[in-house]
Amino acid sequence: MIEAFQKLGQYMQFPFVRYALIVGVLIALCSSLLGVTLVLKRFSFIGDGLSHVAFGAMSVAAVVGLTNEMFIVMPVTVVSAILLLRTGQNARIKGDASVALISVFALAFGYLLMNLFPTSSNVSADVCGTLFGSTSVLTLTEQEVWISAGLSLVTVVVFVLFYNRIFAVTFDENFSKATGIRTNLYNLIIAVVIAVVIVLAMNLVGSLLISALIIFPALSAMRVFKSFLSVTICSAALSVSTALLGLFASIMFGTPVGPTIVVAEAIAFAIFWIIGAAMGAKRK
Amino acid sequence: MEQLRCNDLTLGYENGAVVKNLSFSVSEGDYLAIVGENGSGKTTLMKTLLGLLKPLGGEIERGEGLRRFDVGYLPQQTLVQRDFPASVWEVVLSGCLSGEKFRPFYTKEDRKKARENLEKMGLTALKNRSYRELSGGQQQRVLLARALCATRKILLLDEPVTGLDPRVTIELYELIRKLNDEGITIIMISHDVSAAVKYANKILHIGRQTFFGSVKEYLDSDLGKSFTGKEESV
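Since we're looking at a predicted model, the values are computed, not measured. (Residues numbered from 1 in each chain as written. Chains lettered and ligands numbered in written order. Predicted model: local features only at pLDDT ≥ 70, side-chain atom pairs only at ≥ 80, totals over all residues.)

**Comments concerning the overall build of chain A**
Inference 1: Helix and strand content of chain A: 13 helices and zero strands.
Inference 2: The helix and strand sequence of chain A, counted from the amino end, reads α-α-α-α-α-α-α-α-α-α-α-α-α.
Inference 3: Relative to the globule expectation of 19 Å for 284 residues, the C-alpha radius of gyration of chain A, 19 Å, shows essentially globular dimensions.
Inference 4: Across its three principal directions, the C-alpha atoms of chain A cover 55 × 50 × 30 Å.
Inference 5: Counting all 284 residues of chain A, 49% fall into the buried class.
Inference 6: By sequence separation, contacts in chain A at least 24 residues apart represent 74% of the contacts at least 6 residues apart. (Helix = DSSP H or I, 4+ residues; strand = E, 2+ residues; numbered from the N terminus. Rg over C-alpha atoms; globule rule 2.2 N^0.38 Å. Buried ≥ 20, exposed ≤ 12 C-beta atoms within 10 Å, placed from the backbone. Contact = placed C-beta atoms within 7 Å.)

This is the structure we're talking about:
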């Protein structure tokens, strides 16, 4: 055990490990904040759909040869988020179908592009890396760390400022509208923030696994806690700690970062589920 | 004093009108019950009164001193709320938010108002309980307290007793009557015609035939007789 910690201490000397930890914690924090709202609004799907869109945009950026992919990926994802949430409001089923439609198309289109215009000799490794995260969180440049940190800060500030209204709109959209809250504006803000979080999280866990980062902490916290505030705080804390655990584990055992974090989240969910069930049984 | 007057309203959605030529008015302290068959447009009317829908024709006039968002609303429960982690306090407090001014956090007055309305609805002991663990009647009282945080003038109630057992139904009706006695105008949509004629002072019946008038006039009308199941006059 002591040996493992010494090994960890050695790794911490490397700047890229420290970058990965900083960015990992920030992304985990941001993605968990809106998870509660997404799960409760029955929008869990949208995270998944958007991440596929981001993958498609990423391949376009790679083929065009942009040095910083963010400039294409971010706007495309934000616009898709706004479009998806808008259709979702009018009709639930239509929203579901459009998410599936867009996400599958973006995935296919992205892979096709990368095959047609390969940027390196090993296309499948590239694709696999983008989908499952692989090592990109360990190869972040200082500039990328600053961008991630800045966007995370903006996300947290927006969430705190609009927290009460996000709660009201999530709990009862019609009542909020009737009291004059501009629900469309808040749905828009939610959509934009989600898009930003997803693009950031692609670095950490890859585009296929992002939903886990958004949904698992919220669902775990909802098993045990009863108020919106406590669920939000618990899911943030849980998300950050499982991300850290997953990062450490993957550094020490040489496992891929994204899947390791997701497995840690799943274990945490199982534990919370058992605690919740035990509490429920006790009350009866 | 007249608070709301609807002139010749046509209500509905883009693909067609649900209700036509509807005129009625509500004065301060009134208790108006809106009754009618399923699909007659009761909920559409409520959404229009709340400003969630625009009327296709006609107009709604607001009396002096009544601003657009001075309407408290008790909606029907949604599916989302059944599994929603929120404490009673959080739900009631959220009624204090309004669109008029942007303030990110609740003020001291907001908290005071929420506490008073909790007390009034007899919920103080349940303040920290989770909304989803309450009984149906308790949940309705929480939503009433929230609506009271939003207004002191008009309350719109959409089928307030749906799914409640008979005893709790009577308790809720009595609670609503108490609020009405304190001077809050009540507009209630209801299936329950017998309760409507018992508690309300005005009836609006919409559907194939339309009626607007006092409860007594309604009971004397042919429409009222056929609907309350009393062929003989009362």
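**Describing the environment of Ala61 of chain A**
All names here are of chain A.
Inference 1: The topology assignment puts Ala61 in helix α3 (residues 44–64).
Inference 2: Put simply, Ala61 and Val157 are 96 residues apart on the chain and 29 Å apart in space, counted from C-alpha to C-alpha.
Inference 3: Apart from residues lying up to four places away in sequence, Ala61 is in contact with Leu66, Glu69, Ile72 and Val73.

**Description of the nonpolar core**
Inference 1: Core analysis: the biggest nonpolar cluster contains 147 residues, and Ile194 of chain A together with Leu156 of chain B have the highest contact counts within it.
Inference 2: Inspection of this core shows a minimum of three residues originating in each of domain 1 (1–70 + 151–207 + 214–234) and domain 2 (86–150) of chain B.
Inference 3: If we skip the residues at most four places from it in the chain, Leu156 of chain B touches Met46, Leu49, Leu50, Val71, Gly72, Tyr73, Leu74 and Ile187 of chain B. (Core = buried A, V, L, I, M, F, W, Y, C linked by C-beta atoms within 7 Å. Domains from an automatic or database assignment.)

**Focus on the domain arrangement of chain B**
A common way to report how large an interface is uses the accessible area buried once the components associate.
All names here are of chain B.
Inference 1: Split into domains, chain B comes out as domain 1 (1–70 + 151–207 + 214–234) and domain 2 (86–150).
Inference 2: The gap between the C-alpha centroids of domain 1 and domain 2 is 24 Å.
Inference 3: Between domain 1 and domain 2, the contact holds nine residues from the first and eight residues from the second.
Inference 4: Of the residues in the side of domain 1 that touches domain 2, the class split is six nonpolar, two polar and one charged. (Nonpolar A, V, L, I, M, F, W, Y, C, P; charged D, E, K, R; others polar.)

**A look at the sheet that holds strand β1 (residues 2–13) of chain B**
Residue and element names in this part refer to chain B.
Inference 1: Taken in spatial order, the three strands of this open sheet run β2-β1-β4, and their pairing is antiparallel. Taken across any chain shown, the strands that pair with only one partner, and hence form the sheet edges, are β2 (16–27) and β4 (57–62). The mean inter-strand angle of the sheet, taken between neighbouring strand axes irrespective of direction, is 15°.
Inference 2: The pairing of β1 with β4 spans five bridges and is classified as antiparallel. Note on β4: the bridge partner recorded for Cys6 is Ile60.
Inference 3: Running at roughly 125° to β1, helix α1 (residues 42–50) makes contact with β1 and β2 of the sheet. (Pairing = 2+ DSSP bridges. Axes fitted to C-alpha atoms, helices over the stretch in contact; angles between N-to-C directions.)

**Things to note about the interface of chain A and chain B**
Inference 1: Contacts between the two partners involve 24 residues from chain A and, on the opposite side, 26 residues from chain B.
Inference 2: Those elements that provide at least two residues to the side of chain A that touches chain B are α8 (163–171), α9 (173–178) and α12 (228–253) of chain A.
Inference 3: Per element, the largest residue contribution to the side of chain A that touches chain B is five residues, and it comes from α8 of chain A.
Inference 4: Classifying every residue of the side of chain A that touches chain B gives 13 nonpolar, five polar and six charged.

**Observations concerning the pairing of β1 of chain B**
Residue and element names in this part refer to chain B.
Inference 1: Here β1 runs beside β2; their pairing, made up of eight bridges, is antiparallel. Each residue of the ladder has a partner; that of Glu2, found in β2, is Ser27.
Inference 2: Taken together, β1 and the strand that follows it, β2, pair antiparallel across an intervening segment of two residues.

**What to know about the confidence of the model for chain B**
Residues and elements named next belong to chain B.
Inference 1: Of the residues in chain B, 96% reach a pLDDT of 70 or more, and the chain-wide mean stands at 84.
Inference 2: Mean pLDDT across the secondary structure elements of chain B bottoms out at helix α8 (residues 222–228), with 77, and peaks at helix α2 (residues 88–93), with 92.
Inference 3: Overall fold confidence for the complex sits at a pTM of 0.85, while the interface term, ipTM, reaches 0.85. (pLDDT = per-residue confidence, 0-100.)

**Points about the environment of Ala20 of chain A**
Inference 1: Within the secondary structure, Ala20 of chain A sits in helix α2 (residues 15–40).
Inference 2: Exposure remark for Ala20 of chain A: the 25 C-beta atoms within 10 Å place this residue in the buried category.

**What about the packing of α2 of chain A against helix α7 (residues 142–161) of chain A?**
Residues and elements named next belong to chain A.
Inference 1: Put simply, α2 and α7 touch, their axes get as near as 10 Å, and they point 25° apart. One finds that α2 runs roughly parallel with respect to α7. Relative to α7, the crossing made by α2 is left-handed. In this structure, α2 contributes Tyr19, Ile22, Val23, Leu26, Ile27, Leu29, Cys30 and Leu33 to the contact, and α7 contributes Val145, Ser148, Ala149, Ser152, Thr155, Val156 and Phe159.
Inference 2: For the contact of α2 with α7, a count of residues per class yields twelve nonpolar, three polar and no charged. (Parallel < 35°, antiparallel > 145°, perpendicular 65-115°, else oblique. Left-handed = near helix turned anticlockwise from the far one by under 90°.)

**Here we look at the sheet that holds strand β3 (residues 31–35) of chain B**
Residues and elements named next belong to chain B.
Inference 1: The six strands are arranged β5-β6-β7-β3-β8-β9 in an open sheet whose pairing can be described as mixed. Only two strands of the sheet have a single neighbouring strand rather than two, namely β5 (71–74) and β9 (211–214). Each strand axis lies, on average, 15° off the axis of its neighbour in the sheet, ignoring direction.
Inference 2: Strand direction decides the pairing type here: strand β6 (residues 154–158) and strand β7 (residues 185–189), joined by five bridges, are parallel. Across the sheet, residue Leu156 finds its bridge partner in β7, namely Ile187.
Inference 3: In the packing of helix α4 (residues 136–150) onto the sheet, the strands contacted are β5 and β6, and the crossing angle to β5 comes to about 165°.
Inference 4: Sitting on the sheet, helix α5 (residues 166–181) is in contact with β3, β6 and β7, with an inclination near 145° to β7.

**Description of the packing of α3 of chain A against helix α10 (residues 183–205) of chain A**
Residues and elements named next belong to chain A.
Inference 1: Here α3 crosses α10 at 60°, and the two axes come no closer than 10 Å. By the angle class used here, α3 and α10 are oblique. Along this stretch, α3 crosses α10, giving a crossing that reads as right-handed. Counted together, Ile46, Gly47, Leu50, Ser51 and Ala54 of α3 and Ile194, Ala195, Ile198, Val199 and Met202 of α10 form the full contact between these two elements.
Inference 2: Residues belonging to the contact of α3 with α10 are distributed by class as follows: eight nonpolar, two polar and no charged.

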